[in-house]
Amino acid sequence: MSGHDSKYFSTTKKGEIPELKEELNSQYKDKRKDAVKKVIAAMTVGKDVSSLFTDVVNCMQTENLELKKLVYLYLINYAKSQPDLAILAVNTFVKDSQDPNPLIRALAVRTMGCIRVDKITEYLCDPLQRCLKDDDPYVRKTAAICVAKLYDINAELVEDRGFLEALKDLISDNNPMVVANAVAALAEIQDSSVRPIFEITSHTLSKLLTALNECTEWGQVFILDSLSRYKAADAREAENIVERVTPRLQHANCAVVLSAVKIILLQMELITSTDVVRNLCKKMAPPLVTLLSAEPEIQYVALRNINLIVQKRPTILAHEIKVFFCKYNDPIYVKMEKLEIMIKLASDRNIDQVLLEFKEYATEVDVDFVRKAVRAIGRCAIKLERAAERCISVLLELIKIKVNYVVQEAIIVIKDIFRRYPNTYESIIATLCESLDTLDEPEAKASMIWIIGEYAERIDNADELLESFLETFPEEPALVQLQLLTATVKLFLKKPTEGPQQMIQAVLNNATVETDNPDLRDRAYIYWRLLSTDPEAAKDVVLAEKPVISDDSNQLDSSLLDELLANISTLSSVYHKPPESFVSRVKAAPRADDEEFADTAETGYSESPSQGVDGASPSSSAGTSSNVPVKQPAAGSPPPAAMPDLLGDLMGMDNAIVPVDEPAAPSGPPLPVLLPSTTGQGLQISAQLTRRDGQIYYDISFENGTQGVLDGFMIQFNKNTFGLAAGEALQVTPLQPGQSTRTLLQMTPFQNISPGAPNSLLQVAVKNNQQPVWYFNDKIPLHVFFGEDGKMERAGFLEAWKSLPDDNEFTKEFPGSIISSIDATVERLAASNVFFIAKRKNANMDVLYLSAKMPRGIPFLIEVTASVGVPGVKCAVKTPNREMVPLFFEAMEALTK
Amino acid sequence: MPVAASAIYFLNLRGDVLINRLYRDDVGGNMVDAFRMHIMQTKELGTCPVRQIGGCSFLYMRISNVYIVIVVSSNANVACAFKFVVEAVALFKSYFGGAFDEDAIRNNFVLIYELLDEIMDFGYPQNLSPEILKLYITQEGVRSPFSSKPSDKPVPNATLQVTGAVGWRREGLVYKKNEVFLDIVESVNLLMSSKGSVLRCDVTGKILMKCFLSGMPDLKLGLNDKIGLEKEAQLKSRPAKSGKTIELDDVTFHQCVNLTRFNSEKTVSFVPPDGEFELMKYRITEGVNLPFRVLPTIKELGRTRMEINVKVKSVFGAKMFALGVVVKVPVPKQTAKTSFQTTSGKAKYNASIDSLVWKIRKFPGQTEATMSAEVELISTMGEKKSWNRPPIQMEFQVPMFTASGLRVRFLKVWEKSGYNTVEWVRYITRAGSYEIRC
């Protein structure tokens, strides 16, 4: 009995809307009905058919139920955009709500509740009142939900009209489905209200437990979920509740089972009798296992929940580890979750079996899964002391397979095993060293280097091994460089012979003079200082005993765990996050995250020139020399210990420090705080680069929170990608305590350009006569360089686009960005000299073409794809200068937020 | 909050919207664009069925060539949402007569909209029983019984039945011949190590029922399960009968079964829906009779040749036989040439699944069959990468055999008119995931 509705999708002629209009007003019923179907079909594929509103509403007065439902469906979708016309439908709704046929009464109330137009809600109240007391349970159950809908639109109205009381009365209704829907509605209303509206008393409790036996599977879910908020008075009541709920574990519906498990776990907290608890644990295991034979998506939900349950009560599934063995055809997300649970359930009793499984998985195809399996072996070794040796032998077997990523992953976990059980398994180091050549991932390399350094005294050729790594020192990622540095120091302390001595000099030189990474440089200087002043102290520091680690990488904090367990079967339990962290009651576009800035502030010291560190190539042995270069600051008082050398860099530059004298006027929106007053001993500095009238300015403001007057402000910028430097003197009046001032400092680009890949870091130093020099990091937004002459004509754009090779095209998505209106976005972009050229529609997406131009004639050809109101913007760019692309995306992301 | 959905979308594989229904106002009208952009068009697709984008969560399932996407913005009940989708698809299938795919949806979109309006209200699932919905949502649309043109068959009390305590069966059914068909369908799942030891083995069974019974009958089902028998013996205070009893690990029941009564008396009693439904599901891990033993030997002779030998033994009763036996033996991707010898059935190489497929139409009990194959590989340049051997998989069905040993002892039917019923029982065992590592 299948239909042939597909024909309604096929009318895509040009004059579609007028044609439909005509058909909707046809005198023949069948033609009208077909026309409405076509309208709905058009609506489904995303065409705007709102202009037919009046014509469709005219078809509402019909006795054909199917047609009526279609018209109602149309109303739900378009009433909001045509509130004034929607009122036309009210009469029919009110009339329908008194129809002798209960199906039509219910339909009218159900639909009216979905039309979120204020004028209509006023008319909804009377029919709703009647329907809540209707003779027919079908109407009552629909009306119950409708109260929740109305509350969502106008909470006051619901309270004024006494609907809440009516709803509470429905809890005592003789029809279980009405009870279930009333409970659902009340629970929802309670969720959005701070006042107590729906409190379960022991009286309602017994009613709900009785209704539980009779209502549909979904009704059982509503009731169980609202019962999960009930706090039993004592152990006896808890036992009673559990007893009534336990039969639900046998239900075929997974949602009923999970909600029942939730209640049982919650009430178990109160139950004191260990026998009862043990018995309950026994009863919960089989239904949980059965969930694993459902659809994979449901399995996934079940597994995420089981993960929580075994953290709280490991005994429940302690004997069921076999059911979590992965099937070859399980989807990857099921396999990953099963693996996680297998680790949690692994014990001395079952570890042999588990290891065999892990070993099997480690030879599968999916690389992520294989890596996780190898890591799982390591975690079991750390968790189970008695099994550690077996785990290691499995890892060694895997290393022998010589599959590159397996070997690397194995080395990473072996490092952790060494830390967990020091001085136990070092005999395997020799085997590890055989695989040195295959290592190409930073984490694996770093782990291997750590092992070599830590056990340098037992590895005869440790110096040779390290040396082989040192050859590529400058090219290594920071992680590896840091490990190499530390490992070499360890080697030197353990074997202070000639070879290591030369190595350490080379490394320290590399890590101080040649590097751009301040973390590395800081560490190198500390070692250097330590080694030169007191080698014994160096030993105490570098070779100190490390605290023993344990496997808690995936353990949740107990209060969070309890909160998540109270949310079993909901999104919260799947994400393993508390509900408030991802649910916002207010409908709002995703917030722009400010973290980005903080990130750069922490890790962004990616470049600092090394000039000015004059003693950076020590001639004598670092071990004994006192020739460790620590630059004294040029300015008066000593700076805080953080970065003694940066100051040297900054102040050693050619540009003279600019004196400060005249005042400037503050203006514009608040600036981001770059130096908080807590760090600045009371001085707070906020600043931002801006572009005005074709000029780049540093918009900076100072706030004096100290006790005394601050004067003599000077500012200095470190070398940066764009060579931005102060183009004039900083002019700040002496600041009285509590006073603040804001000024615009003109900047000139291309003065002191730092080499290397472009980045947006701007390091700033500010000093005054009273305080030490302050350093802080700012970010250079690329768009301050966009010229006013960046507008391109269509033809020029197309030509430029074609002339650039496709390799120069880059795409990035900004999931956090949202375009709420094309015009506003275009305007905002134009204000930053990103000029609009053309736009087109592609399906439901808007595609904008824009252009911008950097000084020295570097154009950016931009394509922005997004749909209005939906978070997520896709940006494609073509430019001859590829190096700027990451910075460009950063700027675009900021501009579209 | 038991809300299951704020909006539901049906998309085809290209991402075109086939059906969209908004239930709540808390998600934007075109969230589906975000789904297309961040899930469908990326590698994310299929890596996790629950994803958060912006302030909304997307739960999605693929069913044949259709994606069903649920969007929520609150802390929704995920289990409820997925189960709703599963049940809704079953409902649609029963309306369309089997298939659920893009074409079926396009051809029935009006009906689907009507059903979606009925089975979920404001994000809360309502009654999804096909039995009851078919009373008042018919393909052509029902005319109001009070309208000027009364329809042919006015539906009495449709609404009472939707909400009634027996929400799955309508009243006033009459059959000339009262019959009940019981199908016990078992799937054996096996995971065997290459050394021949059983790593995991269980049976998931279901009892399918087809009822053609008049009135409002009360049914009671008796199985040879240990707990049920013991309870019965205890109630009748006589010793339990000897004979094979089995231990059910877990049972779940259709919503018609009285769970409270099952919990206290261990009897399966129920008022069945009319027509076909799944009465119960069970799982057994102890004492499973494996119908087949598979003994593979795979030898890699150098870098370009392999010898594969698979022996399959049937270990069920000699009078029984298995049908549709298929053994899939994986081979490396670079397989070039194969040659076979089989004692029964036919074997060939299927390159699209990189396996040797050996089919035996009828396999009698207590016999064995072997296949030996020689496989030549294309010698690949570069270093030898060890071939990870996927498991051998097997398909079969064995009629009149249950791997668990489950038997129906009785099925009692009570109805106030006291008619006689005829009961038919069938058993069949199929391969679930029957894997042998090699």
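Residues numbered from 1 in each chain as written. Chains lettered and ligands numbered in written order. Predicted model: local features only at pLDDT ≥ 70, side-chain atom pairs only at ≥ 80, totals over all residues. Heavy atoms only, no water.

By the naming in an unreviewed UniProt entry, chain B goes by MHD domain-containing protein and is assigned to Miscanthus lutarioriparius. Regarding chain B, the UniProt comment filed under Sequence similarities (unreviewed entry) reads as follows: "Belongs to the adaptor complexes medium subunit family." (UniProt positions renumbered as here; feature names shortened; annotations may be inferred.)

In the annotation of an unreviewed UniProt entry, the entry for chain A reads Beta-adaptin-like protein, and the organism field reads Sorghum bicolor. Under the Function (unreviewed entry) heading, UniProt states for chain A: "Subunit of clathrin-associated adaptor protein complex that plays a role in protein sorting in the late-Golgi/trans-Golgi network (TGN) and/or endosomes. The AP complexes mediate both the recruitment of clathrin to membranes and the recognition of sorting signals within the cytosolic tails of transmembrane cargo molecules." One UniProt comment on chain A, placed under Sequence similarities (unreviewed entry), says "Belongs to the adaptor complexes large subunit family."

(A) Geometry of the overall build of chain B. Within chain B, the regular secondary structure consists of 8 helices and 23 strands. The 438 residues of chain B split such that 55% are buried. Relative to all contacts within chain B whose residues are 6 or more apart in sequence, the contacts with residues 24 or more apart total 70%. Of the roughly 18700 Å² that chain B leaves accessible, carbon and sulfur atoms contribute 50%. (Helix = DSSP H or I, 4+ residues; strand = E, 2+ residues; numbered from the N terminus. Buried < 20%, exposed > 50% of the residue type's maximum accessible area, 1.4 Å probe, protein only. Contact = heavy atoms within 4.5 Å. Areas by Shrake-Rupley, 256 points an atom, 1.4 Å probe, with all protein chains shown as cover.)

(B) Focus on the environment of Lys338 of chain A. Residues and elements named next belong to chain A. Examined against the element boundaries, Lys338 turns out to sit in helix H19 (residues 332-345). For Lys338 and Phe325, which are 13 residues apart along the polypeptide, the C-alpha to C-alpha distance reads 6.9 Å. If sequence neighbours within four positions are ignored, Lys338 has contacts with Gln299, Leu303, Val323, Phe324, Phe325, Cys326, Lys327 and Asp330. At a separation of 2.7 Å, a polar atom in the side chain of Lys338 contacts the side chain of Asp330. (Polar contact = N/O pair within 3.5 Å; in protein donor to acceptor, adjacent residues only side chain to side chain.)

(C) Quick look at the UniProt feature "domain: Beta-adaptin appendage C-terminal subdomain" (unreviewed entry) in chain A. As recorded in UniProt, the feature "domain: Beta-adaptin appendage C-terminal subdomain" (unreviewed entry) lies at residues 786-897 of chain A. Each end of residues 786-897 of chain A is marked by a C-alpha atom, and these two atoms are 18 Å apart; helix forms 29% of the span and strand 40%.

(D) Structural detail: the sheet that holds strand E8 (residues 774-779) of chain A. Residues and elements named next belong to chain A. Pairing within the open sheet is antiparallel, and its 3 strands lie in the order E4-E7-E8. The sheet is open, and its two borders are formed by strand E4 (714-717) and E8, each paired with just one other strand. On average, each strand axis in the sheet is inclined to that of its neighbour by 25°, with strand direction left out of account. In terms of strand pairing, strand E7 (residues 761-767) meets E8 through 6 bridges, oriented antiparallel. Within E8, the residue paired with Gln763 across the bridge is Asn777. (Pairing = 2+ DSSP bridges. Axes fitted to C-alpha atoms, helices over the stretch in contact; angles between N-to-C directions.)

(E) Structural view of the interface of chain B and chain A. Taken together, the contact between chain B and chain A spans 106 residues of the former and 114 residues of the latter. Both faces combined, the contact of chain B with chain A buries some 9800 Å², and carbon together with sulfur accounts for 57% of it. Here chain B is connected to chain A by 9 salt bridges. Residues Asp25 of chain B and Lys80 of chain A are paired through a salt bridge, measuring 3.2 Å at the closest nitrogen-oxygen approach. Between the two partners, chain B and chain A, sit 37 residue pairs in polar contact (both at pLDDT 80 or more). Looking at the side of chain B that touches chain A residue by residue, the class counts come to 49 nonpolar, 35 polar and 22 charged. (Buried area = accessible area lost by both parts, 1.4 Å probe. Salt bridge = Lys/Arg side-chain N within 4 Å of Asp/Glu carboxyl O. Nonpolar A, V, L, I, M, F, W, Y, C, P; charged D, E, K, R; others polar.)

(F) View of the packing of aromatic side chains. This structure, assessed with the given rule, holds 40 aromatic pairs over all chains. Between Tyr525 of chain A and Trp528 of chain A, the ring centres sit 6.4 Å apart and the planes meet at 20°, which makes this aromatic pair stacked. Linking Tyr525 of chain A with Trp528 of chain A, this pair stays in helix H29 (residues 518-533), spanning 3 residues, or about one helical turn. The residues Tyr525 of chain A and Trp528 of chain A share a single accessibility class, namely buried. Put simply, the rings of Phe292, Phe316, Phe363, Phe396, Phe401 and Tyr434 of chain B pair up and form one aromatic cluster. Residue placement shows Lys362 of chain B over the ring face of Phe321 of chain B; its charged tip is 4.4 Å from the ring centre. A cation sits over an aromatic face here: Lys412 of chain B above Phe410 of chain B, 4.4 Å from the ring centre. (Phe/Tyr/Trp six-rings, centres within 6.5 Å; stacked < 30°, edge-to-face > 60°. Lys NZ or Arg CZ within 6 Å of the ring centre and 35° of its normal.)

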